[in-house]
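In case you want the letters, here they are:
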Amino acid sequence: GLLVKVHQDYLVMHRDVLRALKKVNFSKIGKEVQAETPENYNAYHITCTINGCEEIFRTIAIPTRLNFLELEIIICEAFGWNNIGSGQFITDKNLIAYDEAGANKNALMTDVYLINEYIQYLYDSEDDYVVDIILDTVTNITKPIPEVVSYGGAVPIENIGGVTKLIETLNILEDKNHPDYVNVYAHARQKNYRERYPVSAVNKKLARLFNRGNPIT
């Protein structure tokens, strides 16, 4: 034991134990920071980019152990899209959907696919937007709540006519002197266009959706 009984009323510490304890820096105990390894991370940083319009991207911290329907909700909220639930994921080996067309989105976890396969999300709209999903790194987060941590580009406008029309529209909206600006702006505002990406509002919405302690799907 650590203590040696030398009298019925008191114990002493063995000198070798005492010598070893003197070498311990107790101020650092409990403060060690573990490296992020496959054994101890609880989140991923992923970057989602509009295929064909690479300046529009969202880098998002997401918790581990999400299913594909939850990932779809996060992507749609991050891009400001409203038609949530009917899109599809394509991996190297699978079509992941919400019906008999492929593997069920809320029955498959994303972890293995994010780490081992290339993933694209096909948003269900007349624009045929495709989102390229890249795993940047593993990390740790204090709460299992997704969050947009960086971004670039505007909100991809829904039902605008596809990527080519989106780029054309955004170029006009950046030039208030363009002869078509007024009409294009009025048309875009009837949809989901925002002059500035509302990152704070997006993260608050994600927090409300996922701050429940259990999967939302």
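Residues numbered from 1 in each chain as written. Predicted model: local features only at pLDDT ≥ 70, side-chain atom pairs only at ≥ 80, totals over all residues. Heavy atoms only, no water.

1. With respect to unusual backbone geometry
Here is step 1 of the chain: Positioned with a positive phi, arginine 65 is a non-glycine residue whose angle comes to about 65°.
Here is step 2 of the chain: Unusually for a residue other than glycine, aspartate 128 sits at a positive phi of about 55°.
Here is step 3 of the chain: Structurally, aspartate 128 can be placed in the loop between strand 8 (119-122) and strand 9 (130-139).
Here is step 4 of the chain: According to the relative accessible area criterion, aspartate 128 is exposed, its value standing at 59%. (Helix = DSSP H or I, 4+ residues; strand = E, 2+ residues; numbered from the N terminus. Buried < 20%, exposed > 50% of the residue type's maximum accessible area, 1.4 Å probe, protein only.)

2. Quick notes on the side chain of threonine 47
Here is step 1 of the chain: With respect to the element layout, threonine 47 can be found in strand 3 (residues 43-50).
Here is step 2 of the chain: The exposure class of threonine 47 is buried, given its relative accessible area of 15%.
Here is step 3 of the chain: Among residues more than four places away in sequence, those in contact with threonine 47 are Phe57, Arg58, Thr59, Asp132, Ile133, Ile134 and Asp136. (Contact = heavy atoms within 4.5 Å.)

3. Examining the environment of threonine 169
Here is step 1 of the chain: Looking at the secondary structure, you find threonine 169 in helix 4 (residues 163-173).
Here is step 2 of the chain: Here the alpha-carbon distance between threonine 169 and valine 184, two residues 15 residues apart in the chain, equals 7.0 Å.
Here is step 3 of the chain: Setting aside anything within four residues of it in sequence, one finds threonine 169 in contact with Ile157, Ile160 and Val184.
Here is step 4 of the chain: A polar contact of 2.8 Å, which involves the side chain of threonine 169, links it to the backbone oxygen of lysine 165. (Polar contact = N/O pair within 3.5 Å; in protein donor to acceptor, adjacent residues only side chain to side chain.)

4. Topic: the pattern of salt bridges
Here is step 1 of the chain: Summed over the entire model, instances satisfying the criterion amount to 3 salt bridges.
Here is step 2 of the chain: Across the salt bridge formed by lysine 105 and glutamate 72, the nearest N and O atoms sit 2.5 Å from each other. Placement of lysine 105 in the loop between strand 7 (103-104) and helix 3 (111-116) and of glutamate 72 in helix 2 (residues 68-79) is noted, with a sequence separation of 33 residues between them.
Here is step 3 of the chain: A residue is classified by how much of its surface remains accessible, and lysine 105, at 0% relative accessible area, is buried.
Here is step 4 of the chain: For glutamate 72, a relative accessible area of 0% puts it in the buried group. (Salt bridge = Lys/Arg side-chain N within 4 Å of Asp/Glu carboxyl O.)

Keep in mind that these numbers describe shape and distance, not what the molecule does.
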